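# Results of the structural survey
Take a look at the letters that make up each chain.
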Amino acid sequence: MFRLCFQAAGVLWFVSGCLGGASRLYTEDDPLVILGSSSLKPTISNSSSAWLVQFYSSWCGHCIHYSSTWKVLAQDVKDWQEAIGVAVLDCAQEENFDACRDYNIQFYPTFKYFRAHSSPGEKGTAYRGADRGVQSIRQLMVNILQNHTRLEWPQHCPSLEPYSEKKLRFFFSSLLRTLPGVQRRSSSAVAHVGAPSGKQDSEPWRDFNRSQVYTADLESALHYLLRVELAAHSMLEGEKLKVFKDFVTLVSKLYPGGGSVVKLMETLSDWLLSLPLQRIPYQACSGPGEQQDEGVFLGEELRWVGCQGSRPGLRGYPCSLWTLFHVLTVQHDAMPNALDNTGLEVEAAPVLQVMRHYIRTFFGCQECGQHFEQAVAAGIHEVKSPGEQILWLWNQHNRVNARLAGSLSDDPLFPKAQWPSPSLCASCHEEQNGVHVWNLDNVLHFLRHHYSASNLSPKYSLTPPRAPAPSFDLLPTSKSKVEDRGGAAAGGGGMKAEEQPGPQPAQASPRPEMKDLVMGEGEGRGVWILGMGFNSVDMSLCVVLYVSSCLFLMLLFFFFKVRSRRWKLRHSRLHV
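Computed from a predicted model, the values in this text were never measured in an experiment.

### A look at the overall build of the protein chain
Tallying secondary structure elements over the protein chain gives 16 helices and 11 strands in all. In the protein chain, the proportion of contacts linking residues at least 24 apart, taken out of those at least 6 apart, comes to 80%. As displayed, the protein chain offers around 27,700 Å² of accessible surface, 55% of which is attributable to carbon and sulfur atoms.

Printed below as a string of C-alpha cells:
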C-alpha cells in the first residue's frame, strides 16, 4: 500500500513539473523572437534587417522534434540579429489562425524569409529545401543576405562579396561582431521582442473513461479539420476538390449515431455534388446553412476529452483524427453497403483510401503525412475486406506509437504504448514460446465494440443552441472560442490503457463560452440572400445566366432587325 502511494506521489510530482514548464515549444529563454498575429507584420515590414520565420504548429510531431534544431540554429546565429533575425509563429494558437491563412501556410513547419525593407503586403519566400539541418539553414541565411540588392541591403550588414568563395561561418560572424552594438546578449532580451500578448490558461480537466470513445473528440476533429486546416487552402480545385468531396461523402455516410453532425455533412455533400464547377473558393464552402429547425449543427470549439493532453501541444487533433478514422472503419464494417452509388464502393478499403488522400493533401504535418503515405503504399494491397481494413489501421497506429514512444511528442501522462493494454483487453494478448503475440480474432472483436456507435459517449459534447442558430460557416474567426489543446504526432491516437478516469493536472481554469458564428459578418464569408438559402456562388451563377440571356436576346433582336431590312429592300425593288 505504501509503495503504491509512493509511486503515485512520484507520478504526480513528475506531471506537475511538466505542467509547470513552458506550454509551448519556444519560450522567452530561447534566443529568438516569438511572433503573434498582431506583431508579425509590424516586425517584418520595413525592417532594417531581413527575417527568417518558422511557421509551425504545436501539435505537429515533426515540429516538436525539430524545435531543438531550430533552437540550436538561433543560438548559433544570434550575433547576426542586426542583419537577419530568427523568429517563430505558432499556427495552432487561435489568435494566429488568420495570420497563417493570410500568409498561405498549409503545412508545418514552413520556413519563410523576408528581405530587409519589405513592404507591408510582402508574403515572404518559402524555403523548400529538403535539408533543414543547422548548417544548411545557416547557409540559407547567408544566401538571403547576399541576394539583396544595393538598395535593399540590410542597414547593419557588411559587404559579403570578398568572402563569397570561402567558408563563410567564421568570416561572417567575425564581421557582424565588429558592428556597433553587436555583442553576445542574454537570450531573454531577444525573445521579448514581438512576443504575442494575452494569457494562455489551460482548459479545465475533463474526467473520462478509457474504455469509451467520446463524440466531443470526433466533433472537435471535424471542427478543426473543416474550419482551420481546410481554411489554409483558399481554392479547392482538381485533386484537392475531389479529396474534399470524398471525405465529406464518407463522413456523411458512415458517421455514427446520425444527429446534427450527419445532417450537416449530408447538406454539405449534397451542395458540393450539385455544383458543376471545377474549382470552388474555400469561402464558398460556407454555403449550407446550420439551421436549428433542421437539426444541422457542429460545435465551434475544441473540446478534447479522451484526446486531451497533460499540456497544450500534446495529443489533441492528431489523436482525434486517428480516432475518427478508427470509428469510420468500424462503421464501414457494420454497414458495408452504406457507400453504394457514391463512387467509393469500388475500393477494397475505401476508408483507408480517403484517409490516405486527405492526409497527403491537407494534413498540416507534412512529414507525418509522408510517413503515412509510405505505410499505405506498402501495405494497402493486402487489405481485401472491411475487417482487414480495421486491423490494418490498428496495426499501423501501433507501429507509429512504437516509433514515437519516448520522443518529444510523447505525453508523460499518456505514454505511447501498444494498444489495447491487457487491462482493457486481456484476451487480445497471448504468449508463444515466451514471446508476446496478438490474438487477432479477439483484437478485431474488441475494436468492433470499442469504436462502435453503442460505445460512443455524448458526455461533454456541444449541443445546438436554443436560440435561432446561425448559418453554418466553415471559416474560422479571430473571435471564435477555439482553444487548441494541441496533440501529439500521428501516433497520439487516443489509445487508452485502463478503465479508470484519467489523472487530473494540477491547474485548470474555466472554459470560455461558445461564440455563435453569424453569416454575413466579416470579410470573406458566404452571404445568405433574403433568407432563401442562396449564397454568393448561387447569386454569381444567377448573374452569369442573366447576362448570358441578355446577350442572347440582343443577338436575336439584331438578327431579325437585319433580316427585316433586307426583306423590305427586296420587296420595294419588285414594286418599282
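### Brief notes about helix H10 (residues 259-274)
Taking 1.5 Å of rise per residue, the 16 residues of H10 would be expected to cover 22 Å, and the 23 Å separating its terminal C-alpha atoms lies within 8% of that figure. Within the sequence span of H10, burial applies to Ser-260, Val-261, Val-262, Leu-264, Met-265, Leu-268, Ser-269, Trp-271 and Leu-272. Summarising the contacts, the buried residues of H10 are in contact with helix H8 (215-229), helix H9 (239-254) and strand E8 (279-281).

### What about the packing of aromatic side chains?
For the structure shown, the criterion picks out 28 aromatic pairs. Taken together, the aromatic side chains of Trp-59, Phe-97, Tyr-108, Tyr-224, Tyr-317 and Phe-363 make up a single cluster linked through ring pairs. Above the ring of Tyr-103, the side-chain terminus of Lys-123 is found at 4.6 Å from the ring centroid. For the cation-ring pair, Arg-132 lies above Phe-111, with the distance from its terminal atom to the ring centre recorded as 4.6 Å.

### Observations concerning the environment of Pro-31
By secondary structure assignment, the location of Pro-31 is in the loop between helix H1 (2-20) and strand E1 (33-35). Sequence spacing of Pro-31 and Lys-78 is 47 residues, and the spatial spacing of their C-alpha atoms is 6.7 Å.

### Concerning the confidence of the model for the protein chain
Here the protein chain averages 75 in pLDDT, and 70% of its residues register 70 or above. Per-element confidence in the protein chain ranges from a low mean pLDDT of 33 for helix H7 (residues 187-191) to a high of 96 for helix H15 (residues 440-450). For residues 287-293, every residue scores under 50 in pLDDT, and the model assigns this stretch 25 contacts once sequence neighbours within four places are set aside. Here residues 505-534 is a poorly scored stretch, pLDDT under 50, and it has 75 contacts once near neighbours within four places are set aside; other chains count.

### Comments concerning the nonpolar core
Counting 127 residues, the largest nonpolar core has Trp-70 and Phe-244 as the members making the most contacts within it. Setting aside residues no more than four positions away along its own chain, Trp-70 makes contact with Tyr-26, Leu-32, Leu-52, Gln-54, Val-86, Ala-87, Val-88, Phe-111 and Ile-137. By size, the runner-up hydrophobic cluster in this structure holds 7 residues, among which are Tyr-214, Val-305, Leu-413 and Phe-414.

### Notes on H8
For H8, which comprises 15 residues, the first-to-last C-alpha distance of 20 Å matches the rise-based estimate of 21 Å (1.5 Å per residue) to within 8%. Counting buried residues along H8, 15 of its 15 residues qualify, which places the element largely inside the surrounding structure.

### Considering unusual backbone geometry
Cis geometry is adopted by the peptide bond preceding Pro-109, which originates at Tyr-108 and carries an omega value of -10°. Topologically, Pro-109 is positioned in the loop between helix H4 (97-102) and strand E4 (110-114). Cis rather than trans, the peptide bond between Trp-419 and Pro-420 has omega equal to 5°. Relative to the helices and strands, Pro-420 resides in the loop between helix H14 (386-404) and strand E9 (429-432). In this model, Asn-104 sits at a positive phi of 60°, which is unusual for a non-glycine residue.

### With respect to the pairing of strand E3 (residues 84-90)
Regular strands place side chains that alternate from one sheet face to the opposite one. With 7 of 7 residues buried, E3 is to be regarded as a mostly interior element. The sheet contact formed by E1 and E3 spans 3 bridges and is parallel. Looking at E3, one finds that Leu-35 is bridged to Leu-89. Two strands pair when backbone bridges link them, and strand E2 (residues 50-56) and E3 are joined in this way by 7 bridges, in the parallel orientation. From the neighbouring strand, Gln-54 faces E3, where its bridge partner is Val-88. Taken together, E2, helix H3 (residues 61-76) and E3 constitute a β-α-β crossover, and its handedness is right-handed.

Parameters at a glance
- Residues numbered from 1 in each chain as written.
- Predicted model: local features only at pLDDT ≥ 70, side-chain atom pairs only at ≥ 80, totals over all residues.
- Heavy atoms only, no water.
- Helix = DSSP H or I, 4+ residues; strand = E, 2+ residues; numbered from the N terminus.
- Contact = heavy atoms within 4.5 Å.
- Areas by Shrake-Rupley, 256 points an atom, 1.4 Å probe, with all protein chains shown as cover.
- Expected span 1.5 Å × (residues − 1).
- Buried < 20%, exposed > 50% of the residue type's maximum accessible area, 1.4 Å probe, protein only.
- Phe/Tyr/Trp six-rings, centres within 6.5 Å; stacked < 30°, edge-to-face > 60°.
- Lys NZ or Arg CZ within 6 Å of the ring centre and 35° of its normal.
- pLDDT = per-residue confidence, 0-100.
- Core = buried A, V, L, I, M, F, W, Y, C linked by side-chain atoms within 4.5 Å.
- Pairing = 2+ DSSP bridges.
- Right-handed = clockwise from strand over helix to strand, strands pointing away.

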